[in-house]
Amino acid sequence: MVHFHREKYVPHGGPDGGDGGRGGDVILEVVPTLNTLVSFRYRTRYLANSGGKGGPNNMSGKSAPDLIIPVPPGTMVYDQDTGELLGDLIEPHQRLVICKGGRGGRGNQHFATSRNQAPRTAEKGEPGQEKYLRLELKLIADVGIIGVPNAGKSSLLAAVTRATPKIGDYPFTTLEPNLGVAQLDIDTTLVLADIPGLIEGAHTGIGLGTTFLRHIQRTRVLIHVLDGFSADPLADFTQINNELALFDPNLAKKPQIVAFNKMDQPEVQAKWSKIQKEMQNRGFEIIEISTVNRLNLDKILWRAVELLKQPPVEAEKPAEIPIYRAPVDPRAFTIEREENGWRVRGVAIERSAAMTYWEYEGSVRRFQKLMEHLGVEEQLRKAGIKEGETVYIAEYELEWVD
Ligand code: GDP
Ligand code: MG
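Read on for a plain summary of the structure. (Residues numbered from 1 in each chain as written. Chains lettered and ligands numbered in written order. Predicted model: local features only at pLDDT ≥ 70, side-chain atom pairs only at ≥ 80, totals over all residues. Heavy atoms only, no water.)

## What to know about the site of ligand 1
Part 1: The environment of ligand 1 is formed by 17 residues, the closest being Asn150, Ser155, Gly168, Asp264 and Thr291.
Part 2: A distance of 3.1 Å separates an oxygen atom of ligand 1 from a polar side-chain atom of Asn261.
Part 3: In the model, an oxygen atom of ligand 1 is placed 3.4 Å from a nitrogen or oxygen of the Ser290 side chain.
Part 4: Out of a free accessible area of 580 Å², ligand 1 has 80% covered by protein chains.
Part 5: Partitioned by chemical class, the residues of the shell around ligand 1 number five nonpolar, nine polar and three charged. (Near = heavy atom within 4 Å. Polar contact = N/O pair within 3.5 Å; in protein donor to acceptor, adjacent residues only side chain to side chain. Areas by Shrake-Rupley, 256 points an atom, 1.4 Å probe, with all protein chains shown as cover. Nonpolar A, V, L, I, M, F, W, Y, C, P; charged D, E, K, R; others polar.)

Encoded structure:
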């Protein structure tokens, strides 16, 4: 604001125009209960508010609140124009500042000098940033289903979600784990991954097994399915856990719920009490299930939900992605010939133009000083600019007068 102090009997009040407030930032924030990007189908443009105007009496304007846009965990954020990965949003409440609000313009109180005690000049607010983003959702499984081939991992996934994994003897058919979303009640969902190929690939040391194992690294709870038909389910259990520990010792520390499967079969039921005792002695919780007659399937999922609520064993840090940004010199500028004038481009010069009050001489003079200072004036002269030609800076058109 341009304003002068007014008081009875005080003839020449000093400048007291306050500053403008900051514009709000635009921020993405992970909301753990979301699991799709569908809201962006209906709304694609988000604008944080401007800061408040400065007032008389050196009163600063209010800063605008930040605009928070909720996104589901697993959202990858790319700059649409450059393709650059801006962030990988995983952790609940993790935030990513997309665009910074501009700072408020300064009121005329700041422009008083010994020669000019009554500056009729102020500054407009700094323009905010704008960006086009591309959002990609990477489904992150909460629960990994592990176990030996034929234990019933795919059957379990198919029984509790709408996923349609291949069931039966297909250890190598899929290279990606199958994912499914189980809806337990209106606001409880679990993302489960059927992770095949543990034994099949991992011990051979070739790619297949380790690709699958990487997916388990991001899950927080494991359901370990035991094949009730196996000659030695306990040996299977140990073998799988050894594979896990070999690949990554942290994996073996993830909470496991053991599911003793195929309890619809009498010969499996006959083994149950012995296996149960043995697992409990080893300190594992075990639940008997059947994917065929759905025995205890809800029970095991709710148990997983409980375990997920507990804080993770080791702090799971969001992936730190080193992002290289070519340094942009704000003072750099370019000059191009246009049909009826000259176009000047540059960060500092464009920002300054946007912050100038063209109706205030003092404000315009400050802008001219910057042109001179950055060397824009000199370059324009060298390029051969003539009296009366137009200089374009962002959306402004200025006439060149020597
Ligand atoms: P995966 O290799 O661990 O994914 O195992 P699958 O889900 O492909 O199942 C292997 C075999 O076990 C298939 O023939 C299934 O029909 C069978 N199976 C899975 N769950 C049960 C169950 O609860 N009871 C019985 N009787 N058979 C099951
Ligand atoms: Mg399978």
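So much for the structure itself; the text now carries on.
## Digging into the pattern of salt bridges
Part 1: What the rule picks out here adds up to 16 salt bridges.
Part 2: For Arg351, the salt bridge goes to Glu126, with nearest N and O atoms at 3.3 Å. Of this pair, Arg351 sits in helix H9 (residues 347-354) while Glu126 sits in the loop between strand S5 (95-99) and strand S6 (133-137), and the two are 225 residues apart along the sequence.
Part 3: Residue classification places Arg351 among the partly exposed residues on the basis of a relative accessible area of 34%.
Part 4: Taking relative accessible area as the criterion, Glu126 reaches 25% and is therefore assigned partly exposed.
Part 5: One salt bridge connects Lys262 with Asp227, and the closest N-O pair in it is separated by 3.2 Å. Here Lys262, found in the loop between strand S11 (256-261) and helix H7 (266-281), pairs with Asp227, found in strand S10 (residues 221-227); they are 35 residues apart in sequence, far enough to count as distant. Of the two residues, Lys262 and Asp227, neither departs from the other in class, the shared state being buried.
Part 6: Members of the salt-bridge network, linked through shared partners, are Arg103, Arg106, Glu123 and Arg366. (Salt bridge = Lys/Arg side-chain N within 4 Å of Asp/Glu carboxyl O. Helix = DSSP H or I, 4+ residues; strand = E, 2+ residues; numbered from the N terminus. Buried < 20%, exposed > 50% of the residue type's maximum accessible area, 1.4 Å probe, protein only.)

## Examining the packing of helix H5 (residues 233-247) against H7
Part 1: Between H5 and H7, the shortest axis-to-axis distance is 10 Å and the interhelical angle comes to 35°. Residues Pro233, Leu234 and Phe237 of H5 touch H7, and the partners they reach there are Ile275, Glu278 and Met279.
Part 2: When its residues are assigned to classes, the contact of H5 with H7 shows five nonpolar, no polar and one charged. (Axes fitted to C-alpha atoms, helices over the stretch in contact; angles between N-to-C directions. Contact = heavy atoms within 4.5 Å.)

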